[in-house]
Amino acid sequence: MMAHNGVPNQAFMGKLESCLDDLAAMCNSPQDALHVLPLLGGIEPGAQSAVLSMLAVAVACGLPLDPLLDSCLKAVARWQVTDLRAKARLLVQQGATLVGVMDEYGVLEEG
């Protein structure tokens, strides 16, 4: 819809590349994972806070990533890529997801 209204396709491609770069960085660096993980959606808040606290401890102590934590980060990245393919939702910081219905005939009641 935005491309139809004049937003160039290159803007979407740049945003897509940025999202994929962030996901790759999250899998390769615990420091990057600390910055990227809170921005991602679709993760249960309790699980997200547990992973973030384990990451923070690993980064603060200079420890290598635990294999379980590493596999959790990779699973989150795979899920995000799958979601990108299926729903084409790009992460826009300070953005919002709006859901609505078009009422061409004006028969729907508000609410």
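Keep in mind it's a predicted model, so treat the numbers as computed, not measured. Sequence positions are assigned chain by chain, starting from 1 and proceeding in written order. In keeping with the predicted nature of the model, local features appear solely for residues at pLDDT of at least 70, side-chain atom pairs appear and are counted solely at 80 or more, and the whole-chain, interface and lining totals rest on all residues. Hydrogens and water molecules were not included; the side-chain quantities draw on all heavy atoms of the structure.

1. Considerations on the nonpolar core
- Grouped together as the largest cluster of nonpolar side chains are 15 residues, with contacts concentrated most on M26, L37, L40, V51, L55, L73 and V76.
- Here a helix means four or more residues in a row that DSSP labels H or I, a strand means two or more in a row labelled E, and each is numbered from the N terminus. Put simply, the parts of the chain that give this core at least two residues each are helix 1 (9–28), helix 2 (30–36), helix 3 (45–61) and helix 4 (67–87).
- The element contributing the most residues to this core is helix 4, with four residues. Think of a nonpolar core as a cluster: buried Ala, Val, Leu, Ile, Met, Phe, Trp, Tyr and Cys residues, connected wherever their side-chain atoms sit within 4.5 Å. Burial here depends on accessible area, computed with a 1.4 Å probe over protein chains only, as a share of the maximum for the residue type. Under 20% is buried, over 50% is exposed, and the range in between is partly exposed.

2. Some thoughts on the layout of surface pockets
- By volume, the largest pocket is sized at about 880 Å³.
- Contributing to the lining of the largest pocket are 27 residues, with R89, L90, L91, V92 and T97 lying nearest its centre.
- For the lining of the largest pocket, the elements supplying multiple residues, two or more each, are helix 1 and helix 4.
- Put simply, Ala, Val, Leu, Ile, Met, Phe, Trp, Tyr, Cys and Pro go in the nonpolar bin, Asp, Glu, Lys and Arg in the charged bin, and everything else, Gly too, in the polar bin. Across the lining of the largest pocket, the residue classes tally to 16 nonpolar, six polar and five charged. Only protein atoms enter the 1 Å grid used here. Points where a 1.4 Å probe fits but cannot escape make up a cavity, open sets with protein on both sides within 12 Å along at least five of seven lines make up a pocket, and a residue lines them when an atom lies within 4 Å of a point. Grid points are joined across faces, edges and corners, and a volume is the space filled by probe spheres set on the points.

3. Brief notes about the side chain of D83
- Among the secondary structure elements, D83 is positioned in helix 4.
- Residue classification places D83 among the buried positions, given a relative accessible area of 13%.
- Sequence-distant contacts of D83, defined by excluding residues within four places in its chain, comprise A88 and R89. Note on contacts: a residue pair qualifies if any of its non-hydrogen atoms lie within 4.5 Å across the two residues.

4. Re helix 4
- The end-to-end C-alpha separation of helix 4 is 30 Å, in line with the 30 Å expected for 21 residues at 1.5 Å each.
- Taken as a whole, helix 4 has its buried residues at L69, L73, V76, A77, Q80, D83 and L84. All buried residues of helix 4 fall inside an arc of 120 degrees around its axis, so they share one side. Seen from the buried face of helix 4, the exposed residues on the opposite side, beyond 90 degrees, are P67, L68, R78, R85 and A86.
- Of the residues one or two after helix 4, A88 is the one with positive phi, at around 55 degrees. One less than the residue count of a helix, multiplied by 1.5 Å, gives the span that helix is expected to have. What the arc measures is the spread of directions leading from the helix axis to the C-beta atoms.

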